[in-house]
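Each chain is listed here by its residues.
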Amino acid sequence: MSVLHTPGRTARAGAALLTAAALYAACAPPAAADEPGWTAEPAAGSAARPGGARPYHYLAGTPGTVLEDRLALANTTDRELTVTLRGADAYNTADGAFAVRPARESAGAGSWISFGAGSTVKVPPRTRAVVPFTITVPPASPPGDHPAAVVAAEGGRETGVRVHLRVSGPTLAALTVEDVSVRGRGAAAEVAYALVNRGNVALAPELSLRAEGRFGEVPDRTARALPLELLPGQRVELTEPWPGAPVFDRVRLTLTVTAPGGARATAEAAAWFVPWRVAGWTGAGLLLLGGTALAALLLVRGRRTRPEPPEAEARAAAPHAAPEHELTGASR
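If you're wondering where the values come from, they're calculated on a predicted model, not measured in any experiment. Per chain, the residues get numbers from 1 upward, laid out in the order the sequence is written. Thresholds applied to this predicted model are a pLDDT of at least 70 for local features of residues and 80 or more for the giving and counting of side-chain atom pairs; totals over whole chains, interfaces and linings are not thresholded and use all residues. Only hydrogens and water are removed before side-chain values are computed, so all heavy atoms of the structure are retained for them.

## Comments concerning the pattern of salt bridges
Here is step 1 of the chain: The term salt bridge refers to a pairing of a side-chain nitrogen on Lys or Arg with a carboxyl oxygen on Asp or Glu at a separation within 4 Å. A full pass over the atoms with the stated rule returns 12 salt bridges.
Here is step 2 of the chain: A salt bridge links Asp 78 to Arg 126; the nearest nitrogen and oxygen atoms lie 3.1 Å apart. Remark: Arg 126 occurs in the loop between strand 9 (120-123) and strand 10 (127-136) and Asp 78 occurs in the loop between strand 5 (66-75) and strand 6 (81-92); sequence separation between them is 48 residues.
Here is step 3 of the chain: Classification of Asp 78 as exposed rests on a relative accessible area of 65%.
Here is step 4 of the chain: Here the term buried applies to any residue with accessible area under 20% of the maximum for its type, exposed to any over 50%, and partly exposed to those in between, with areas from a 1.4 Å probe on protein chains only. When its relative accessible area of 9% is taken as the criterion, Arg 126 is described as buried.
Here is step 5 of the chain: Note that Arg 224 is salt-bridged to Glu 240, the shortest N-O span being 2.8 Å. Of the two residues, Arg 224 is situated in strand 17 (residues 221-225) and Glu 240 in strand 18 (residues 235-241); the sequence distance between them amounts to 16 residues.
Here is step 6 of the chain: Residue class for Arg 224 comes out partly exposed when judged on its relative accessible area of 32%. Strands are runs of DSSP state E lasting at least 2 residues, helices are runs of H or I lasting at least 4, and numbering of each runs from the N terminus.

This is the structure in structure tokens:
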């Protein structure tokens, strides 16, 4: 990493580097049919400190400075390639993967990247070209990490090379754990949760799982590093396998996530674990018990409201008649 003092320096360096691109046709093996034909990666070392392979670009500086680095493009084909370059903002997908935004949506650090030799580079056959680029940090940039990438495109294929840019100033490592729940049963049980980076630096989180059961001991999950880098301001939704989940118990789960820099967060959730067979038997038993109780209730009500025979109804409804001998006596 270095700070540029004059705008013309980058253009001159770009022309010199492209002119002096190393041809290696004599030593490079022919490209296989299924190989992409070209690669993009950080040039070995940096403009200020050459030498040494790098997995990504790392630059740091104060607001208002101009930083420079170099990208290496290797053409392993027998034809000239035209590679288009652009800067892009980086973000986490919903499952935590690293991704880059389209050019029209990159309003952050990706828009600060420019190429001294132009955004289109022609790379001769069997040639490795080194392309310089600059990052102009706006004067009002907030401190912390500003994830970005250099994106190279050719022949319908794109590849992104990560750029870790840190603007100097106070940093804060903070996160939260949200929406904890349990899915599945038995060996297929898993804990679902969300992580949100509330600070201004990228985090490498570790997760531990503690479980407390009512009917016995439940195995915990010791801390392990999660396979992701949580970028500032990003939210990801993850799942953690839990093959040690109990068969029958009510368990309270406590998820604890930590990250370098002092970030720590916990969240809790409760879940019932009931075997499906037991649940089925219990449900059938309750259904049978309910059906028996209903039948008994109907039987009792039927006995209470049973109608009387028709003869009894007729006797009850007829008026009381005088005895026959009294009627005879009256006629005389």
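## Focus on the sheet that holds strand 18
Here is step 1 of the chain: Spatial ordering of the open sheet is given by 14-15-18, a layout of 3 strands whose pairing is antiparallel. Single-partner strands in this sheet number two, and they are strand 14 (175-183) and strand 18. Averaged over all neighbouring strand pairs, the angle between strand axes comes to 20 degrees, with direction disregarded.
Here is step 2 of the chain: Here, strands pair whenever DSSP counts at least two bridges between them. Here strand 15 (residues 190-197) pairs with strand 18 via 7 bridges, running antiparallel. For Glu 190, the partnering residue across the bridge sits in strand 18 and is Pro 241. To define axes, lines are fitted to C-alpha atoms, for helices over the stretch in contact only, and angles between the resulting N-to-C directions are given on a 0 to 180 degree scale.

## Details of unusual backbone geometry
What is expected of a backbone is that most residues other than glycine have negative phi and most peptide bonds are trans.
Here is step 1 of the chain: The phi torsion at Arg 126 lies on the positive side, around 50 degrees, for a residue other than glycine.
Here is step 2 of the chain: In the Ramachandran plot, Asp 179 falls in the positive-phi region, its phi being about 55 degrees despite a non-glycine side chain.
Here is step 3 of the chain: Judged by relative accessible area, which is 54%, Asp 179 ranks as exposed.

## What to know about the nonpolar core
Side chains of a nonpolar character, in soluble globular proteins, are inclined to be buried together.
Here is step 1 of the chain: Counting 29 residues, the largest nonpolar core has Val 177, Val 180, Tyr 193, Leu 195, Leu 203, Leu 253 and Leu 255 as its most contacted members.
Here is step 2 of the chain: At the level of secondary structure, the elements contributing two or more residues to this core comprise strand 14, strand 15, strand 16 (206-213), strand 18, strand 19 (249-259) and strand 20 (263-273).
Here is step 3 of the chain: In this structure Leu 195 touches Thr 176, Val 177, Pro 205, Leu 226, Leu 230, Gln 234, Arg 235, Val 236, Leu 238 and Val 257, once residues within four positions along its chain are discounted. Each nonpolar core is a collection of buried residues, namely Ala, Val, Leu, Ile, Met, Phe, Trp, Tyr and Cys, held together in the definition by side-chain atoms within 4.5 Å. When checking whether two residues touch, look at their non-hydrogen atoms; a contact exists if any pair is within 4.5 Å.

## A few points about the environment of Ala 44
Here is step 1 of the chain: Inspection of the secondary structure puts Ala 44 in the loop between strand 3 (38-42) and strand 4 (57-61).
Here is step 2 of the chain: Ala 44 sits in the partly exposed class, given a relative accessible area of 36%.
Here is step 3 of the chain: Each C-alpha atom, one on Ala 44 and one on Val 130, is 9.7 Å from the other, the two residues being 86 residues apart in sequence.

## Brief notes about the pairing of strand 5
Here is step 1 of the chain: Counted residue by residue, strand 5 has 9 buried out of 10 residues, so it is predominantly covered.
Here is step 2 of the chain: Of the strand pairs in this sheet, strand 3 and strand 5 are connected by 5 bridges, and their pairing is antiparallel. Following the sheet pairing, Thr 39 is matched in strand 5 by Ala 74.
Here is step 3 of the chain: Relative to strand 10, strand 5 runs antiparallel, the two sharing 10 bridges. By the bridge assignment, Val 66 is partnered in strand 10 with Thr 136.

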